[in-house]
Amino acid sequence: MPQYRFGDFRVDTDTVEVWGPDGPRDVEPQVFGVLQYLVEQGDRLVTKTELLESVWGNTFVSESALTTRIKQARRALDDDGSRQWAIRTVHGRGYRFVPTVELVPAPSSTPPVTSLPDELRMGSRRRFCGREPELELGEVVLAGATPDSPVGWVWLLGEPGIGKSRLAAELAARAHARGHRVVFGRNSEDLRVPYQPFVEVIGQLTAPAQTDDEVPDLPPELLTLLPTSPAAGRGEPAAADNPGVGDEGRRFHLFEAVARWLGSCALARPLTVVVDDVHWAAESTLQLLAHLQQRPGDAAVTIVLTARDTAPDASDRIADLIARAQGRPRTTVVPLAGLDAADAADLVAAEGLDMAEVMRQTAGNPLFLQAVDPVAGAVHIEGAVRRRLATLPVDIQDTLRMLSVLGLEFELTVAAAAQQRDELDLLEELESAVAARLLEDIGVDRFRFTHALVRSALREQVGSARRSRMHRRIADALGELFPGDPAHLPELAFHTAEASQVDAALRPVAVDRLRRAAAAASDRFSFEESADLLRRARGLADGLDDASRARLALDHGAAESRAGRNMPATRIFEEAITLAAGTGDVALRVEAALGYENARWRPGLAGDGSLVHLDEAVALLDGATASGRSLPTETDLRAGLAVARLRALAMSGRRDEADTAFRQARELASSLDSPTLEANVLSVYLGHVVLHRSAAEARPMIERLAELEPLITDGDVALHSLHDRIMFATITGDVAECRRLVALMGDAQLRYRSSFWEFVRTNQEAMEAFYRGDLATSERLSEHCLDLARGLPDEDGTGAYGLRMFLIRREQDRLGAVAPMIRTVVAGSGGDAVWTPGLAWLLAETGAAEEAAEVLGDLKASGWRVPIDAMWSTVMVFLAETMVRVGDRDACALLRGKLSGHAGTNVVTGSGQLCFGRVDRYLGMLSFTLGELALAERQLGEALEGDAAGGSVLWANESRWWLSRVRRAQGHEAEADAMARVVAGEARAHGLARLARLAAEELA
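Residues numbered from 1 in each chain as written. Predicted model: local features only at pLDDT ≥ 70, side-chain atom pairs only at ≥ 80, totals over all residues. Heavy atoms only, no water.

Looking at an unreviewed UniProt entry, one finds the protein named AAA family ATPase and attributed to Nocardioides aestuarii.

Here it is, written out as structure tokens:
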């Protein structure tokens, strides 16, 4: 069958394809039929009736359908209603095909290249000036796209209008010319749709027109991303093979599935993904981008991103992504400045202008340059918009102002329904707006304002009352056109909420739609967006009953908590408790109390506030049961209350009540035959009470946790149980078991993918490095811990970091460098139980013994009363070190009594920040100060043996140095010198400067 060529285009009637300079163009069969008929007629006038009969035969088709097909045919030829270089409209009569057509033989083979997405093809048609250096940077990344290369990243940054999207379109065109498959995704200005650009990319890659043998089937894990998928909203496939995986782990597996599938799509030929307007991205999108950017692995994939880096759109989140991109292979960050004077003059293309003044006003910003008044030379975006509007009839101007409320991009069907207009009539107006360069035609019945600033200028011309009513029309149109369609739920919720600002009667509907959109976001692990939607819903819920408002608050608190924002979650759960008190819903009130405690508990926070709510919840539940009421969730509620009360009591220092609560909770777990609940109860009790009270008491519980390990079905409980076993092994000095469990925890953390437990495990690794005496590794891991903590909402890693760095600097003999910092910390801590003794120790070590004693005056007056918690033994170490140097024999005797029950164990800080080696060393130091040399010798000998067996060069030599002092005091000079020489040699070999200095002083 024949093929026709005209200009850079070819129409192949055999394969039913239209080929342009960049490859095949996507056209529907009827569009191809219209185009083929016009091409075959040459420049002859073809009436609308003739065209309808030739393409559709006897099938009735409206004239608007023909107009739409003409529009689509023009798009396939890079034509539009204003240029009409290919298909010319003869008003009132029909159409003519303008170019000269050549009949050509069919080529022997056709390369498998898909066309550019409409958004990029339309963008690449806009005038392009300058930017050659920036293009070269991007092309270097594109050129490196091979299956064994890292994923490429091109960040295009700059102020609004600087040309980021235009440069991205140019890069996309060049990637396409290299044979890349190119796809496009954007982020909405008004909506924060979870993973929006990647949902669009998946849609393009799996569309029938794009699908070929090169694109693999979409894996089941990714179905949860697609709002129209039957699997959407279940959130299950992402971690189906890992029962017990929590939110973060499921999200990790989802992100990994995205990365693997994109890599598979690039196996046959490179894939370039353009992500536009990242500054408007939802948090879930930024999380996915961060995962892809940090993920190791090779793939012929290049991701081109545009983002504003100026206020008010700049964000720390995006700045962090860009900072992490710097220095990576196949990565370039391209900040865009204004065009130079020559390129600016070329773009303006207006004679007689004072270009120096134009450059002063525009700084070379391309959008501003195109807004220059060609006569006066003044620059004003809104003025430029008004000038372009003035070229259009008044009714079209009003249409555009109203459509600016609809969005930066919009569909013809929605716009027509919202304006209650005929699609064909509205289409003619939109084509006029395209000709005026206020809109762009970006796809089949899809339009976009030429820039967000153009849309903003138009929207500012619409009064708030009128705008609200337009939102109502848009919401009604969306509801009628897409009833029950989850893909349109975010925009339906947004426009309904905007309309309800004026129409109070609409607020219950807005609340319901926002709540459903929030639930859909949570199902996709997009908890930040869910929380934002629920926050807005609650702002519109004043007219609802207490039960509905309490449920909204409960859902909002849960979303904030699942997003890791526990401080605001605590406040919201407290509001839910207050609201629920006005209802008869017992389960609701108990759930609110449980949510409050779960969000509120953190190391160092007392649990008294939670206990008030938990005790009230227990009384309510008991009362409901006593009255014969049946609650379907009673078992789960009682299990939750058992764990929450135990934790709150332990963290309030009410140890006797915590012991009772532990026994009751364990009995409940036994009665329910729940290994996971029993493990959770044991972990809470061990972590907050028993590990800090008695290793002997903890041992049978630790052994029980080991038995329960294969039966635990909750990932967080499994990791917590492993952590408690690691702590016990560290405290008891079982180094081999500790290292075995740390390896197990690493495997479990990889399975469950919890950032919090990665933070905990890295702290443990830093602790072990310090214990060994490897200060450089401990410092490096401490920095990594601090970096991990920054990625955990509400997790402050500075305390643990500061404490470890204090000890590292001490062993490096550099305490003077941290003294000012510690003084500042103590001054702002209000007598902190850790840092005040820490400052006293530092003062005593640097020769200020009197000031050290003064700092501890209040604590000494209390009889050295220190809370028995995870920091107790560490505080005892600080006090013992200080009082030994001060020489306060009474204090030393009292402190030795407090520590003596822990002989034979190691001192461990918190949840595994530091290990100070054997308690026996501190007992020996105190005994030495008290003049009990024989006892000191025995205690220090046991400490030396235990620390050496644990592989601690640091603490073994610390014990050896003290033992050398004891032996010298006993008159054994030669033995003492021999010990000091060993300390000096090992300390120098391992960079332990303080010990090396002390040993040298001992030998002097």
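What follows picks up the thread again.
**A look at helix 18 (residues 452-459)**
Counting buried positions over the eight residues of helix 18 gives six, a clear majority of the element. Burial in helix 18 covers these residues: Ala452, Val454, Arg455, Ala457, Leu458 and Arg459. (Buried < 20%, exposed > 50% of the residue type's maximum accessible area, 1.4 Å probe, protein only. Helix = DSSP H or I, 4+ residues; strand = E, 2+ residues; numbered from the N terminus.)

**Topic: the pairing of strand 1 (residues 3-6)**
Sheet topology places strand 1 next to strand 8 (residues 102-104); three bridges connect them, and they run antiparallel. Residue pairing across strands places Arg5 opposite Glu102, the latter belonging to strand 8. Relative to strand 2 (residues 9-12), strand 1 runs antiparallel, the two sharing four bridges. Of the residues in strand 2, the one forming a bridge with Phe6 is Phe9. Connecting the antiparallel pair strand 1 and strand 2 is a turn made up of two residues, with Gly7 showing a positive phi of about 60°. (Pairing = 2+ DSSP bridges.)

**What to know about the packing of aromatic side chains**
The tally for this structure, following the rule as stated, stands at 16 aromatic pairs. Residues Phe6 and Phe97 carry aromatic rings whose centres are separated by 5.0 Å and whose planes lie at 85° to one another, so their mutual orientation is edge-to-face. Residue Phe6 is found in strand 1, and its partner Phe97 is found in strand 7 (residues 94-97); the two are separated by 91 residues along the sequence. With respect to class, Phe6 is no different from Phe97; both count as buried. Seen in terms of ring centroids, Tyr195 and Phe255 are 6.0 Å apart; in terms of plane orientation they differ by 80°. Their pairing is edge-to-face. Here Tyr195, found in the loop between strand 10 (181-186) and helix 7 (196-205), pairs with Phe255, found in helix 8 (residues 247-265); they are 60 residues apart in sequence, far enough to count as distant. The rings of Phe770, Phe806, Trp841, Phe878, Phe916 and Trp955 are connected pair by pair, giving a single aromatic cluster. (Phe/Tyr/Trp six-rings, centres within 6.5 Å; stacked < 30°, edge-to-face > 60°.)

**Brief notes about the packing of helix 23 (residues 546-562) against helix 24 (residues 566-580)**
Where helix 23 meets helix 24, the closest approach of the two axes is 8 Å, and the angle between their N-to-C directions is 165°. Considering their axes alone, helix 23 and helix 24 lie roughly antiparallel with respect to each other. Crossing angle aside, the handedness with which helix 23 passes helix 24 is left-handed. Note on element contacts: helix 24 touches helix 23 through Asn566, Pro568, Ala569, Ile572, Phe573, Ala576, Leu579 and Ala580, opposite Asp546, Arg549, Ala550, Ala553, Leu554, His556, Gly557, Ala558, Glu560 and Ser561. Residue composition of the contact of helix 23 with helix 24, by class: eleven nonpolar, four polar and three charged. (Axes fitted to C-alpha atoms, helices over the stretch in contact; angles between N-to-C directions. Parallel < 35°, antiparallel > 145°, perpendicular 65-115°, else oblique. Left-handed = near helix turned anticlockwise from the far one by under 90°. Contact = heavy atoms within 4.5 Å. Nonpolar A, V, L, I, M, F, W, Y, C, P; charged D, E, K, R; others polar.)

**Here we look at the pattern of salt bridges**
Summed over all chains, the structure comprises 80 salt bridges. In this structure, Glu170 engages Arg174 in a salt bridge whose closest nitrogen and oxygen atoms are separated by 3.7 Å. Highlighted residues: Glu170 and Arg174, both in helix 6 (residues 164-177), separated by four residues, approximately one helical turn. Residue classification places Arg174 among the partly exposed positions, given a relative accessible area of 24%. As a salt-bridge pair, Arg968 and Glu973 come within 2.5 Å of each other at their nearest N and O atoms. Classification of Arg968 as buried rests on a relative accessible area of 18%. For Glu973, a relative accessible area of 41% translates into the label partly exposed. Bridged by salt links that share partners, the residues Glu119, Arg186, Glu200, Asp277, Glu409, Arg446 and Arg448 form one connected network. (Salt bridge = Lys/Arg side-chain N within 4 Å of Asp/Glu carboxyl O.)

**As for a negative patch on the surface**
Residues Asp422, Glu423, Asp425 and Glu428 make up a contiguous surface patch of negative charge. Here Glu423 lies in helix 17 (residues 423-435). According to the relative accessible area criterion, Glu423 is partly exposed, its value standing at 33%. (Patch = residues over 30% accessible without salt bridge, like charges linked within 9 Å, V, L, I, M, F, W, Y side chains within 5 Å. Areas by Shrake-Rupley, 256 points an atom, 1.4 Å probe, with all protein chains shown as cover. Lys, Arg positive; Asp, Glu negative; His and termini not counted. Charge placed at Lys NZ, Arg CZ, Asp CG, Glu CD.)

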